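# Secondary and tertiary structure notes
The primary structure of each chain is shown beneath.
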Amino acid sequence: MTQHGEISDYLSVHQLTKKFGKFTALDDISFSTKLGEFLCVLGPSGCGKTTVLRAIAGLEKPTSGTIVVEGRDVTQLPVSRRNVGIVFQSYALFPNLTAEDNIAYGLKQRSKKAKGVEGRVTELLETVGLSGMGNKYPAQLSGGQQQRVALARAMAISPHLLLLDEPLSALDAKVRIRLRSEIRQLQKRLGVTTIMVTHDQEEALTMADRILIIDRGKLVQMGTPGEVYDKPATPFVASFIGSMNFITKVRKMEDGIFGVGEHRLKISNGRGARRVQNGEPVMIGVRPEDVMIQADGGDGINTLNTLVSAIEYRGSLFRLSLNLPISGNDYTTIDADVPSEKVRRLGLQENMHLPIHLPVDRIRVYAA
């Protein structure tokens, strides 16, 4: 708490560990959220992200650690005493109940007066864009509509926390894109603190205020979408969120200068380079969209001569695979994302030589 007694963090998770026998699903994870924040927990399948959500909900008892909501320790409390709304991947709607009755279920369990329940259900149906569809059963609704009903049901009890467990993964791409925007707008309007588990990086980048990234049960980075994309803390984060070219067998020559075979690259000291000693082997990373095409050649700083080995059409852009000679017959491949208009204008083709430029401030340095 602050010196004035105000709660600085709405949710605080401290040293959370969960073991299933000898398997450690969560390993000493700590993080916090502010009131009204939308936090995405992101990671590959089996990394422990759903276990985080289930522990916060009270569906899994932590092996150790604490969970505090509004200054109240809820670590040992059952789900019924945590006032959380949960939306599952599978919707978990009652097939024999209408949309109205599904939404009203939690309210009736709390002994609300019938008239109050009816008004709240009508309000929620309107909120999620399902006015006039309350008498339909789940089987009569599309996947997107069912997920809206599940969301309305979770919101019915006015929860302190809204927990979403991969709520969009079962939907087709177009519905998923539309619904993620609707969920985000609804969350902002209602101001409910929300934690969503997902393995979809685009989903996390477009919806979250902050992203918590888990790898094999450990918290590896937490930050805004811009921070985790632009300043990935580890090679895992760099490759999991977006695409990243990695170049190995790199050594620091002097402050800000790194050697790649016979090439010399200038790299900003703020991108991991400051921690490296002269002569130390490292790995560098640069995103495909940051690889710039030098149409006029030139010998400017960080300009490298490559050979186009493959061109892949991706609609609005082309993915170019570029071979960069290192020494002798040894080379490494760098991917570059180039707008389709530029590829056509420059007449880029396979097997042509192509100079590229790696911006000083877009290259990251990692331990070898």
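The shown structure was predicted, so the numbers you read here are calculated from the model rather than taken from an experiment.

## Focus: the domain arrangement of the protein chain
Split by domain assignment, the protein chain resolves into domain 1 (11–238) and domain 2 (246–367). Inter-centroid distance (C-alpha atoms) of domain 1 to domain 2 is 40 Å. The interface formed by domain 1 and domain 2 contains one salt bridge. A salt bridge links Arg362 to Asp230, with the shortest nitrogen-to-oxygen separation between them at 2.7 Å. For the pair domain 1 and domain 2, the interface holds six residue pairs in polar contact (both at pLDDT 80 or more).

## Concerning the side chain of Asn323
Locating Asn323 in the fold gives a position in strand E17 (residues 317–327). By relative accessible area, Asn323 is classed as buried at 15%. Dropping the residues within four chain positions of it, Asn323 is found in contact with Asn305, Thr306, Leu307, Ser309, Tyr331, Thr332 and Thr333.

## Here's the deal with the sheet that holds strand E2 (residues 23–33)
Through backbone hydrogen bonds, the strands of a sheet pair up, either in parallel or in antiparallel fashion. Pairing is antiparallel in the open sheet, where four strands are placed in the order E2-E1-E4-E5. Strands at the two margins of the open sheet, each flanked by one partner only, are E2 and strand E5 (72–73). Relative to strand E4 (residues 64–69), strand E1 (residues 11–20) is paired through five bridges, and the arrangement is antiparallel. If you follow Leu11 over to E4, its bridge partner there is Val69. Contacts from helix H1 (residues 49–57) reach E1, E2 and E4 within the one sheet, and its direction differs from that of E2 by about 65°.

Cut-offs used in this document
Residues numbered from 1 in each chain as written. Predicted model: local features only at pLDDT ≥ 70, side-chain atom pairs only at ≥ 80, totals over all residues. Heavy atoms only, no water. Domains from an automatic or database assignment. Salt bridge = Lys/Arg side-chain N within 4 Å of Asp/Glu carboxyl O. Polar contact = N/O pair within 3.5 Å; in protein donor to acceptor, adjacent residues only side chain to side chain. Helix = DSSP H or I, 4+ residues; strand = E, 2+ residues; numbered from the N terminus. Buried < 20%, exposed > 50% of the residue type's maximum accessible area, 1.4 Å probe, protein only. Contact = heavy atoms within 4.5 Å. Pairing = 2+ DSSP bridges. Axes fitted to C-alpha atoms, helices over the stretch in contact; angles between N-to-C directions.

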